[in-house]
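# Coordinate analysis (summary)
The primary structure of each chain is shown beneath.
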Amino acid sequence: MNTASSMIEVPHPGEFLAEELEARGWSQRDLAYILGVSEQGITQIVNGRRGISPEMAKALGDAFDVNPEFFTNLQKAYDLSRAKEPDPGIAKRALFQGVYPIREMIRRGWLEDTDVPMLEGQLMRFFRTNDVGNIPHLAHAAKKSDYESDTPEQLAWLYRVRQICAEMIVPKYSKKALRDAVENQLPALMTTPEEVRHVPRILADCGVRFAIVETLPKANIDGVCFWEGAQPVVGMTTRFDRIDNFWFVLFHELEHVLNEDGKKKNSKPKVDVDLRYEVSADLPEEEKLANKAAANACAPLEQVQSFYTRKAPYISEKDVVGFARRIQRHPGIVVGQLQYRMDRYNWLARHKVAVRKFIATSAVIDGWGDPAPVAL
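We now turn to the structure provided with this report. Predicted, not measured: the structure shown is a model, and the values here were computed from it.

It is worth spelling out the overall build of the chain at this point. When you go through the chain residue by residue, the secondary structure sums to 17 helices and 5 strands. Against the globule reference of 21 Å for 376 residues, the chain gives a C-alpha radius of gyration of 33 Å, more extended than a compact globule. Oriented by its inertia axes, the alpha-carbon framework of the chain measures out at about 105 × 50 × 40 Å. Burial status across the chain gives 46% buried among its 376 residues.

Structural data, given as structure tokens:
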């Protein structure tokens, strides 16, 4: 019998039945007559070779004038005591899946589908710890997490970006080169969607590691900037595959890099969720600066404001295309800025073309059915 050594031995319900028959002075044949069943069936129950079915429990309840649940409970307790001990990995898998989207991480190729000890090892490598108890957000964590403001899904995505970018080889980071890229090289790519394919090379030349990782369900992640020592890392999701959103998120994260946000010792990465142009008072100052810089890089704010003041509320498509040509931007980028000002997100939306397929030819991409080739 595979039970815990500390578990009390539970007798078969037949033992109670035998005791009750003796107390009443009944034979097994007497009980068989009362119940209208064969004596052999009663003998098998008394000898522990047959259990008490729900029908028999009701019949015995009438015969002994007790609640039938008394007999069903006796049978349940006995059956449970004889049941095999469950796989000890069940509780661990339930714990992991209850916190992190383990099945989704396996499906995406971030983890391999293995037994629990191997899964623990993979999770420790994934989250860069030697103790499974120190994986952030797990209920039995020995230490408080430094990532309490990030959800488990956001944190898992962040560590996937880290895992991918850790294998990239780029030159030493140059703030001067990145500033030149932000002010000159990248804007020169913003007239046509296909030109985004040059972004990974330009960032790598500046010493910035860059990857695109599909967001996890319900995480709503847009991007992240963090530092590995003196080397900046930028991750994006392109969850809104539109030219205006791509450039806004990219410039937002690059502004974090230029401002060295999160570079100080013990600073934690900031996963950006639901990014949009706003400078409301409740935003952290670094986010306000990044939003303003990103909006201005997408389309110079003074020129956009001047155009809007002159043309609103009757802005024609021809006006937008002409203005975009004048400031050397794709019309979809200008449309994105004007939609925000007008709070009309369907207006001229056809100009906001997709760009992921173009950057996928040169960037490290993880997701959409194709995991990045990194060691697990």
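Summed over the entire model, instances satisfying the criterion amount to 0 disulfides. Its sulfur unpaired, Cys 225 is 11 Å from the next cysteine sulfur, which belongs to Cys 165. No disulfide involves Cys 298; its sulfur sits 17 Å from the nearest other cysteine sulfur, which is in Cys 225.

This next bit is on the nonpolar core. Membership of the largest hydrophobic core comes to 41 residues, with the highest contact counts inside it found for Leu 178, Trp 247 and Leu 250. Ranked by the residues each element gives to this core, the list is headed by helix H12 (residues 243-258), at 10 residues. Leaving out residues up to four positions away in the same chain, Leu 178 has contacts with Tyr 173, Leu 203, Cys 206, Val 208, Leu 254, Val 257 and Leu 258. Listed in part, the 35 residues of the second largest apolar core include Met 124, Leu 158, Val 161 and Ala 372.

A word on the packing of aromatic side chains. In this description, a pair of aromatic rings is defined by centroid distance and the angle of the planes. Enumeration over the complete set of coordinates arrives at 13 aromatic pairs. With a centroid separation of 6.0 Å and an interplanar angle of 65°, the aromatic rings of Phe 16 and Phe 71 are classed as edge-to-face. Here Phe 71 lies in helix H5 (residues 68-82) and Phe 16 lies in helix H1 (residues 13-24), a separation of 55 residues in the sequence. The exposure class assigned to Phe 71 is buried, which follows from its relative accessible area of 2%. Relative to Phe 71, the ring of Phe 70 lies with its centre 5.4 Å away and its plane at 85°, an arrangement referred to as edge-to-face. Residue Phe 70 is classed as partly exposed on the basis of its relative accessible area of 36%. An aromatic cluster is present here, built from Phe 16, Trp 26, Phe 64, Phe 70 and Phe 71 joined pairwise through their rings. The lysine or arginine in question, Arg 162, covers the ring of Tyr 159, its NZ or CZ lying 5.1 Å from the ring centre. Its end group placed over the ring of Phe 226, Arg 162 keeps NZ or CZ at 5.2 Å from the ring centre.

A word on the sheet that holds strand E2 (residues 221-228). Across the sheet, 5 strands lie side by side as E4-E2-E3-E1-E5; this open sheet has mixed pairing. The open sheet has two edge strands, strand E4 (270-273) and strand E5 (364-366), and neither has a second partner. Neighbour to neighbour, the strand axes of the sheet diverge by 20° on average, direction disregarded. With 4 bridges joining them, strand E1 (residues 209-213) and strand E3 (residues 231-236) adopt parallel strand pairing. Bridging from a neighbouring strand, Arg 209 pairs with Val 233 of E3.

Next up on the list: the side chain of Glu 287. Along the polypeptide, Glu 287 turns up in helix H13 (residues 285-298). Owing to a relative accessible area of 5%, Glu 287 belongs among the buried residues under this scheme. A polar contact is formed between the side chain of Glu 287 and the side chain of His 256, at a distance of 3.2 Å.

Our focus in this paragraph is H12. The end-to-end C-alpha distance of H12, which contains 16 residues, comes to 22 Å, matching closely the 22 Å that a straight helix rising 1.5 Å per residue would cover. Counting buried residues in H12 gives 16 out of 16 residues, a clear majority hidden from the surface. One or two steps after H12, the chain reaches Glu 260, where phi turns positive at roughly 60°.

With that settled, the discussion passes to helix H9 (residues 152-165). Helix length check: H9, at 14 residues, gives a terminal C-alpha distance of 20 Å against a target of 20 Å (1.5 Å per residue), a fit within 8%. Burial runs high along H9: 13 of the 14 residues are buried.

Attention shifts here to the packing of H12 against H13. At a minimum axis distance of 8 Å, the contact between H12 and H13 shows a crossing angle of 135°. The angle between H12 and H13 places the two elements in the oblique class. In this structure, the crossing between H12 and H13 has a hand that is right-handed. Note on element contacts: H13 touches H12 through Glu 286, Glu 287, Leu 289, Ala 290, Asn 291, Ala 293, Ala 294, Ala 295, Ala 297 and Cys 298, opposite Asp 244, Trp 247, Phe 248, Phe 251, His 252, Glu 255 and His 256. By residue class, the composition of the contact of H12 with H13 is 10 nonpolar, 3 polar and 4 charged.

With that out of the way, let us pick up the environment of Glu 153. Checked against the element boundaries, Glu 153 lands in helix H9. On a C-alpha basis, the gap between Glu 153 and Ile 221 in space is 9.3 Å, while along the polypeptide they are 68 residues apart. With sequence-adjacent residues up to four places away left out, Glu 153 is seen in contact with Pro 101, Leu 216, Pro 217, Ala 219 and Ile 221.

What follows is about the pattern of salt bridges. With the rule as written, the count across this model stands at 20 salt bridges. Ionic pairing is found between Arg 242 and Asp 244, a salt bridge with its closest N-O pair at 3.4 Å. Judged by relative accessible area, which is 28%, Arg 242 ranks as partly exposed. For Asp 244, a relative accessible area of 10% gives the class buried. Between Glu 260 and Lys 263 there is a salt bridge, with the nearest N and O atoms lying 3.9 Å from each other. With relative accessibility at 33%, the residue Glu 260 sits in the partly exposed group.

Conventions we followed
- Residues numbered from 1 in each chain as written.
- Predicted model: local features only at pLDDT ≥ 70, side-chain atom pairs only at ≥ 80, totals over all residues.
- Heavy atoms only, no water.
- Helix = DSSP H or I, 4+ residues; strand = E, 2+ residues; numbered from the N terminus.
- Rg over C-alpha atoms; globule rule 2.2 N^0.38 Å.
- Buried < 20%, exposed > 50% of the residue type's maximum accessible area, 1.4 Å probe, protein only.
- Disulfide = S-S within 2.5 Å.
- Core = buried A, V, L, I, M, F, W, Y, C linked by side-chain atoms within 4.5 Å.
- Contact = heavy atoms within 4.5 Å.
- Phe/Tyr/Trp six-rings, centres within 6.5 Å; stacked < 30°, edge-to-face > 60°.
- Lys NZ or Arg CZ within 6 Å of the ring centre and 35° of its normal.
- Pairing = 2+ DSSP bridges.
- Axes fitted to C-alpha atoms, helices over the stretch in contact; angles between N-to-C directions.
- Polar contact = N/O pair within 3.5 Å; in protein donor to acceptor, adjacent residues only side chain to side chain.
- Expected span 1.5 Å × (residues − 1).
- Parallel < 35°, antiparallel > 145°, perpendicular 65-115°, else oblique.
- Left-handed = near helix turned anticlockwise from the far one by under 90°.
- Nonpolar A, V, L, I, M, F, W, Y, C, P; charged D, E, K, R; others polar.
- Salt bridge = Lys/Arg side-chain N within 4 Å of Asp/Glu carboxyl O.

These figures come from the coordinates and say nothing about function on their own.
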